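Close look at the chain arrangement
These are the residues of each chain, in order.
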Amino acid sequence: MSGLFPAPPPPGGAEGEGLEHVEPERRRDVERRWQVRAAQWRATALAEWAFDGRVVPRLAGRSESAGFRALLELEVPFDGIEGHRESEARFLAAVRRDEHLARMPMVVVFTPRPSDLPPRASAVAESGPGASRRGAASPGAPGGGSE
């Protein structure tokens, strides 16, 4: 049976090269993914503060070549266009003051959800544990999360 499968290459490779050249690239890729995730979580917390309700995030994509690092969809409570515009302005002002988000080239798309409807069940499962609830203070929100 051992004749059917080739022997694994030696640890140093044929030319004596190991994984030193591959590992740093993998490490950078993992760091970049975690930076995007951290931005997603931070944007969600700020959106819950700004829109005063449960926000469901969906990371729709990541791209380095398109000029932005991530496309983030946020399902937000919606009562009317005037209130939405005010909440959106509060969110954008908070993002500009946030160290991490201000440097992250990310496209944020707001998906409206009537305030009297609960978030979609599948979306709640996507958002994961630890998401804040209506009326709960979001960590690090301007004003300490409470007003």
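Residues numbered from 1 in each chain as written. Predicted model: local features only at pLDDT ≥ 70, side-chain atom pairs only at ≥ 80, totals over all residues. Heavy atoms only, no water.

Considerations on helix α2 (residues 81–97)
Helix length check: α2, at 17 residues, gives a terminal C-alpha distance of 24 Å against a target of 24 Å (1.5 Å per residue), a fit within 8%. Among all positions in α2, only His84, Ser87, Glu88, Phe91, Ala94 and Val95 are buried. Buried residues in α2, looked at end-on, bunch into an arc of 125°, giving them a common side. Exposed residues on α2 whose side chains face more than 90 degrees from its buried face are Glu82, Glu86, Arg96 and Arg97. (Helix = DSSP H or I, 4+ residues; strand = E, 2+ residues; numbered from the N terminus. Expected span 1.5 Å × (residues − 1). Buried < 20%, exposed > 50% of the residue type's maximum accessible area, 1.4 Å probe, protein only. Arc of directions from axis to C-beta.)

Quick look at the confidence of the model for the protein chain
Per-residue confidence for the protein chain gives a mean pLDDT of 75, with 63% of residues at or over 70. Confidence, read as mean pLDDT per element, is least for helix α4 (residues 121–127) in the protein chain (48) and greatest for α2 (94). Long-range and interchain partners of residues 122–147, a stretch whose pLDDT sits below 50, account for 35 contacts in this model, where long-range means more than four residues apart. (pLDDT = per-residue confidence, 0-100. Contact = heavy atoms within 4.5 Å.)

Things to note about the pattern of salt bridges
Side-chain pairs of opposite charge can arise whenever the charged atoms involved come near each other. Counted under the stated rule, the structure contains seven salt bridges. With a shortest N-O distance of 3.1 Å, arginine 33 and aspartate 29 are connected by a salt bridge. Of this pair, arginine 33 and aspartate 29 are both found in helix α1 (residues 22–51), four residues apart, which corresponds to roughly one turn of the helix. With relative accessibility at 33%, the residue arginine 33 sits in the partly exposed group. Here aspartate 29 falls in the partly exposed class, since its relative accessible area comes to 36%. Among the ionic pairs, arginine 85 bridges to glutamate 88, the shortest N-O distance being 3.6 Å. (Salt bridge = Lys/Arg side-chain N within 4 Å of Asp/Glu carboxyl O.)

Some words on the environment of aspartate 98
Residue position: aspartate 98 is located in the loop between α2 and α3 (99–103). Assessed through its relative accessible area of 9%, aspartate 98 is described here as buried. The contacts of aspartate 98, once residues within four sequence positions are left out, are Arg42 and Leu46. Side-chain polar atoms of aspartate 98 contact the backbone nitrogen of leucine 101, separated by 2.8 Å. (Polar contact = N/O pair within 3.5 Å; in protein donor to acceptor, adjacent residues only side chain to side chain.)

Side note on unusual backbone geometry
Look at aspartate 52: it is not a glycine, yet its phi comes out positive at around 50°. With respect to the secondary-structure elements, aspartate 52 resides in the loop between α1 and β1 (56–62). A residue is classified by how much of its surface remains accessible, and aspartate 52, at 48% relative accessible area, is partly exposed.

Some thoughts on the nonpolar core
Ranked by internal contacts, the top residues of the largest apolar core, which has 20 residues, are Phe51, Leu74, Phe91, Leu101 and Met106. Those elements that provide at least two residues to this core are α1, β2 (70–78), α2 and β3 (106–114). Leave out the neighbours within four places in its chain, and methionine 106 touches Ala39, Ala43, Phe68, Ala70, Leu72 and Leu101. (Core = buried A, V, L, I, M, F, W, Y, C linked by side-chain atoms within 4.5 Å.)

Here's the deal with the packing of aromatic side chains
In total, this model carries three aromatic pairs according to the counting rule given. Pairing tryptophan 34 with tryptophan 41 gives two aromatic rings, centres 5.8 Å apart and planes at 55°, and the pair type is tilted. Assessed through its relative accessible area of 49%, tryptophan 41 is described here as partly exposed. Ring geometry for phenylalanine 51 against phenylalanine 110: centres 5.2 Å apart, planes inclined by 50°, an arrangement best described as tilted. Here the residue phenylalanine 51 occupies a position in helix α1, and phenylalanine 110 occupies one in strand β3, the gap between them amounting to 59 residues. Residue phenylalanine 51 shares its accessibility class with phenylalanine 110, and that shared class is buried. Three or more aromatic residues link up through ring pairs in this structure, and these residues are Phe51, Phe91 and Phe110. (Phe/Tyr/Trp six-rings, centres within 6.5 Å; stacked < 30°, edge-to-face > 60°.)

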